[in-house]
Amino acid sequence: MSEHDANSELKSLIETVLKTVNGLASDVRSNSYKLDGLEAKVDRIDTDLKALSSDVRVLSGQFNDVGVMAVKDNGRISDGEKRVDDLEAGVH
C-alpha cells in the first residue's frame, strides 16, 4: 500500500468518524430538547397532583362530616324506633 493510498484511507476513516460524531452530537441535542419537554410535563403533573391532593383532603373532610351526621341520624332513628316500640307495647 502506497503512502498516498494510506493517507486516502486515513482521511476516509477520519471523515467517517467525524460524520458519526456529528450524528451523535445531533442526537444528543435532539434528546436534550425532548428531555426539556418531558421535564416541563413532569412539572405540570406535579402541580396537578398537588392540587388533587388538596381536593382529596377537602373531600375527605366532607366525607367524614357526612359520616358523623349519618351515625348521629342513625342513633336518633334507633331512639325513635325504641320509643315507638315502647309506646306500642304499652297500648297492647
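First, a word on what this report is: a plain description of the structure on this page. (Residues numbered from 1 in each chain as written. Predicted model: local features only at pLDDT ≥ 70, side-chain atom pairs only at ≥ 80, totals over all residues. Heavy atoms only, no water.)

Describing the overall build of the protein
What counts is decided by this rule: For helices the rule is a DSSP run of H or I covering at least 4 residues; for strands it is a run of E covering at least 2, with both sets numbered from the N terminus onward. Just to be clear, the radius of gyration here is over C-alpha atoms, and the globule rule we use is 2.2 Å times residues to the power 0.38. Here's how the labels work: a residue is buried when its accessible area is under 20% of the maximum for its type, exposed when over 50%, partly exposed in between, all with a 1.4 Å probe on protein chains only. Under the convention used here, a 1.4 Å probe and the Shrake-Rupley method define accessible areas, while residue burial counts only the protein chains that appear. His is not counted, nor are the chain ends; Lys and Arg add positive charge and Asp and Glu add negative charge. Every charge is mapped onto a representative atom, which is NZ of Lys, CZ of Arg, CG of Asp or CD of Glu.
The helix and strand inventory of the protein stands at 1 helix and 0 strands. Relative to its length of 92 residues, the protein is extended, with a C-alpha radius of gyration of 39 Å against a globular reference of 12 Å. With the C-alpha coordinates of the protein rotated into their principal frame, the extents come out at 125 × 25 × 10 Å. Expressed as a percentage of its 92 residues, the buried residues of the protein come to 0%. On the protein, roughly 8400 Å² of surface is accessible, and the fraction owed to carbon and sulfur atoms is 60%. Counting 12 positive and 18 negative side-chain charges, the protein places the centres of these two groups 4 Å from one another.

Observations regarding the pattern of salt bridges
Inclusion rule: Salt bridge, as used here: a side-chain nitrogen of Lys or Arg that lies within 4 Å of a carboxyl oxygen of Asp or Glu.
Across all of its chains, the model carries 3 salt bridges by this definition. The closest approach of N and O atoms between aspartate 73 and arginine 76, which form a salt bridge, is 3.1 Å. Taken together, the positions of aspartate 73 and arginine 76, both in helix H1 (residues 3-91) and 3 residues apart, correspond to about one turn of that helix. The exposed category is assigned to arginine 76, whose relative accessible area is 57%.

What to know about the environment of lysine 82
Within the fold, lysine 82 resides in helix H1. For lysine 82, a relative accessible area of 51% gives the class exposed. Between the alpha carbons of lysine 82 and serine 53 there is a distance of 43 Å; along the sequence they are 29 residues apart.

Focus: a nonpolar patch on the surface
Stated formally: Here the term patch refers to residues with relative accessible area over 30% and no salt bridge, with like charges joined within 9 Å and nonpolar side chains (Val, Leu, Ile, Met, Phe, Trp, Tyr) within 5 Å.
A surface patch of nonpolar side chains, amounting to about 280 Å² of accessible area, comprises Leu10, Ile14 and Leu18. Within the fold, isoleucine 14 resides in helix H1.

Some remarks on H1
The criterion, for reference: An expected span of 1.5 Å times one less than the residue number is assigned to each helix. The definition of a polar contact used here is a pair of N or O atoms within 3.5 Å, where within protein one atom must be able to donate a hydrogen and the other to accept one, and adjacent residues in sequence count solely through side-chain atom pairs.
For H1, which comprises 89 residues, the first-to-last C-alpha distance of 126 Å matches the rise-based estimate of 132 Å (1.5 Å per residue) to within 8%. Taking the backbone nitrogen of aspartate 5 as reference, a side-chain oxygen 3.2 Å away marks serine 2 as the first, capping residue of H1.

Section: the environment of valine 91
Position of valine 91 among the secondary structure elements: in helix H1. Separated by 72 residues in sequence, valine 91 and lysine 19 place their C-alpha atoms 104 Å apart.

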